[in-house]
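Here's the letter readout for the chains.
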Amino acid sequence: MPAILYLSRADVEGLGISVADVIRDLEAAFAAKSRGEVEMPPKPGIHPRPDSFIHAMPAYVRSSDIAGLKWISGFPDNPSRGLPYISGLMILNDPATGVPLAVMDASWITAVRTGAATAVAAKYLARREATHLAFIGCGVQARSNLDALAVVQPRLADVLAYDIRPEAAEAFAEYGQTRHRLRVMVCRTPEEAVRGAELIVTAAPILKHPTPVLLPEWLRPGAFLCTLDFDSSVTPAAFQAVDVLCADDVAQLDFYRLDGYFRGVPDRLVDLGDIVAGRAKGRERPDARIISINLGLALEDVVTAHRICQVARAAGAGRELGL
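Definitions and limits used
- Residues numbered from 1 in each chain as written.
- Predicted model: local features only at pLDDT ≥ 70, side-chain atom pairs only at ≥ 80, totals over all residues.
- Heavy atoms only, no water.
- Helix = DSSP H or I, 4+ residues; strand = E, 2+ residues; numbered from the N terminus.
- Rg over C-alpha atoms; globule rule 2.2 N^0.38 Å.
- Buried < 20%, exposed > 50% of the residue type's maximum accessible area, 1.4 Å probe, protein only.
- Areas by Shrake-Rupley, 256 points an atom, 1.4 Å probe, with all protein chains shown as cover.
- Lys, Arg positive; Asp, Glu negative; His and termini not counted.
- Charge placed at Lys NZ, Arg CZ, Asp CG, Glu CD.
- Phe/Tyr/Trp six-rings, centres within 6.5 Å; stacked < 30°, edge-to-face > 60°.
- Pairing = 2+ DSSP bridges.
- Salt bridge = Lys/Arg side-chain N within 4 Å of Asp/Glu carboxyl O.
- Axes fitted to C-alpha atoms, helices over the stretch in contact; angles between N-to-C directions.
- Parallel < 35°, antiparallel > 145°, perpendicular 65-115°, else oblique.
- Contact = heavy atoms within 4.5 Å.
- Nonpolar A, V, L, I, M, F, W, Y, C, P; charged D, E, K, R; others polar.
- Left-handed = near helix turned anticlockwise from the far one by under 90°.
- Expected span 1.5 Å × (residues − 1).
- Core = buried A, V, L, I, M, F, W, Y, C linked by side-chain atoms within 4.5 Å.
- Polar contact = N/O pair within 3.5 Å; in protein donor to acceptor, adjacent residues only side chain to side chain.

Some remarks on the overall build of the protein chain
Now for step 1: Along its length, the protein chain carries ten helices and 16 strands.
Now for step 2: Against the globule reference of 20 Å for 323 residues, the protein chain gives a C-alpha radius of gyration of 19 Å, in line with a compact fold.
Now for step 3: By residue count, 55% of the 323 residues in the protein chain fall in the buried class.
Now for step 4: Accessible surface, the protein chain as shown: approximately 13900 Å² in total, 54% of it carbon and sulfur.
Now for step 5: Computing the positive centroid from 34 side-chain charges and the negative centroid from 38, the protein chain places the two 2 Å apart.

This is the structure in structure tokens:
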């Protein structure tokens with residue numbers, strides 16, 4: 001039996017893989033999904049505590065012959081325990097035999113691929129001349145999304161940051177100013193952040209029974225919003241008011257409707273993969289208001305993990321473990 005390559009979080013982070021490479025990988029994967037070249041069932045999950053989840057996320061990208069599964073958890077109370085909100089493992093399998101090839105920490109993958117998916121959506125749906133970006137929620141995902149959006153939005157200059165924990169917003173502001181040399185303003189309310197922005201990312205915890213606050217009148221003409229937190233931040237009225245409503249996977253969003261999520265989201269959703277592949281229209285007017293609901297997909301994880309595995313083997317990183 002062949003050995004498995006094991007990569008710790010430090011191993012993965014130390015490989016120096018660029019977010020630009022991950023964005024390109026995901027863009028190709030979304031187009032492959034539109035062509036019917038991805039097998040990706042809705043992710044099953046268990047929920048040991050209120051608003052927590054542990055999900056299994058399998059995918060097979062036939063065009064690249066990549067197969068794997070992410071076992072990922074999200075526990076909102078973890079930060080108060082000194083633990084990360086998101087943690088998990090990624091497994092790659094040999095598509096020809098099913099034998100596991102690699103096991104790696106999924107924290108870096110989850111953060112970076114989520115930001116990269118937002119960047120793919122923004123590339124097709126946001127105005128290229130946008131300069132002001134707002135974040136509702138300033139944790140790990142805010143940083144990774146800022147890193148990725150800085151790649152595809154060349155005129156980005158100002159960031160507006162809101163978090164229910166002011167210290168998180170302040171820490172994020174320091175990151176944006178130091179890492180990207182951007183002007184970052186910490187806002188006192190979500191409205192203050194959103195009204196001043198052309199690009200908006202909502203990255204609060206995902207809640208089964210949310211109390212969303214983001215109203216349609218806060219969205220200026222031409223605004224692009226990517227929601228990473230399901231319907232926790234965006235009101236049904238805002239979803240209904242926008243000109244274009246997109247999802248990274250419409251079938252999975254409909255699956256979540258069965259569990260009580262997205263009840264206020266209308267049924268006129270366009271699939272992001274179809275937009276990337278040129279099979280559906282995205283932004284057609286500069287003043288169109290657009291929302292992309294990014295659930296986070298297993299195809300993003302497997303293609304990112306595949307790149308990690310290739311780079312790691314070439315660099316001799318990680319450890320070989322027997323089954």
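Next comes the rest of the account.
Description of the packing of aromatic side chains
Now for step 1: All told, the structure shown has six aromatic pairs when counted by the stated rule.
Now for step 2: When the ring of Phe 230 is compared with that of Tyr 261, the centres are 5.2 Å apart and the planes differ by 85°; the resulting orientation is edge-to-face. Here Phe 230, found in the loop between strand E12 (224–227) and helix H7 (236–241), pairs with Tyr 261, found in the loop between helix H8 (250–257) and strand E14 (270–271); they are 31 residues apart in sequence, far enough to count as distant.
Now for step 3: The buried category is assigned to Phe 230, whose relative accessible area is 4%.
Now for step 4: Relative to Tyr 261, the ring of Tyr 256 lies with its centre 5.9 Å away and its plane at 90°, an arrangement referred to as edge-to-face. By the burial criterion, Tyr 256 is buried, and Tyr 261 matches it.

Here we look at the sheet that holds strand E8 (residues 132–136)
Now for step 1: Reading across the sheet, the eight strands line up as E10-E9-E8-E11-E12-E15-E13-E14 and stay open at both edges, with parallel pairing between neighbours. On the outer flanks of this sheet lie strand E10 (183–186) and E14, each paired with one strand and no other.
Now for step 2: Alignment of E8 against strand E9 (residues 158–162), held across five bridges, turns out to be parallel. Directly across from Leu 133, in E9, lies its bridge partner Val 159.

Re the pattern of salt bridges
Pairing between side chains of opposite charge can happen when their charged atoms approach one another.
Now for step 1: Per the stated rule, a full pass over the model turns up 24 salt bridges.
Now for step 2: Linking Arg 165 and Asp 163 is a salt bridge whose minimum nitrogen-to-oxygen distance equals 3.8 Å.
Now for step 3: Among the residues examined, Asp 163 registers a relative accessible area of 11% and is labelled buried.
Now for step 4: Put simply, Asp 254 and Arg 257 hold a salt bridge, and the shortest N to O gap is 3.1 Å. Placement of both Asp 254 and Arg 257 in helix H8 is noted, with a separation of three residues, approximately one turn of the helix.
Now for step 5: Beyond isolated ion pairs, a larger network of salt bridges with shared partners links Asp 21, Arg 24, Asp 25 and Arg 307.

Some thoughts on the packing of helix H2 (residues 19–34) against helix H4 (residues 140–152)
Now for step 1: At a minimum axis separation of 10 Å, H2 and H4 run at an interaxial angle of 80°. With respect to H4, the axis of H2 lies roughly perpendicular. Here H2 contributes Val 19, Ala 20 and Ile 23 to the contact with H4, which in turn contributes Asp 147, Ala 148, Val 151 and Val 152.
Now for step 2: Tallied by class, residues from the contact of H2 with H4 come to six nonpolar, no polar and one charged.

Comments concerning the pairing of strand E1 (residues 4–7)
Now for step 1: Note: E1 against strand E16 (residues 319–321), three bridges, orientation antiparallel. Bridging from a neighbouring strand, Ile 4 pairs with Leu 321 of E16.
Now for step 2: With three bridges joining them, E1 and strand E7 (residues 100–105) adopt parallel strand pairing. Bridge pairing links Tyr 6 to Val 103 in E7.

A word on the packing of helix H3 (residues 107–125) against H4
Now for step 1: At their nearest, the axes of H3 and H4 sit 8 Å apart, and the two run at 40° to each other. With respect to H4, the element H3 is oriented oblique. For the element pair H3 and H4, the recorded crossing hand is right-handed. Two secondary-structure elements touch here, H3 through Thr 110, Ala 111, Val 112, Thr 114, Gly 115, Ala 116, Thr 118, Ala 119 and Ala 122 and H4 through Val 140, Gln 141, Ser 144, Asn 145, Ala 148, Leu 149 and Val 152.
Now for step 2: Considered class by class, the residues forming the contact of H3 with H4 number nine nonpolar, seven polar and no charged.

Considering H4
Now for step 1: Compared with an ideal rise of 1.5 Å per residue, which puts 13 residues at 18 Å, H4 spans 19 Å between its outermost C-alpha atoms and is within 8% of the ideal.
Now for step 2: Among all positions in H4, only Gln 141, Ala 142, Ser 144, Asn 145, Leu 146, Asp 147, Ala 148, Leu 149 and Val 152 are buried.
Now for step 3: Tucked into the core, H4 has its buried residues touching H2, H3, E8, E9, helix H5 (166–180) and strand E11 (199–202).

Some points on the nonpolar core
Now for step 1: In this structure, Met 104, Phe 135, Leu 146, Phe 224 and Ile 308 are the most contacted members of the largest nonpolar core, which totals 78 residues.
Now for step 2: Top element by residues in this core is H3. It accounts for ten residues.
Now for step 3: Excluding its chain neighbours within four sequence positions, the residues that come into contact with Leu 146 are Leu 133, Phe 135, Leu 156, Val 159, Phe 172, Tyr 175, Gly 176, His 180 and Leu 182.

Thoughts on the side chain of Asp 25
Now for step 1: Residue position: Asp 25 is located in helix H2.
Now for step 2: Within polar-contact distance, the side chain of Asp 25 engages the side chain of Arg 307 at 2.5 Å.
Now for step 3: Look past the residues within four positions of Asp 25 in its chain and what remains in contact with it is Val 303 and Arg 307.

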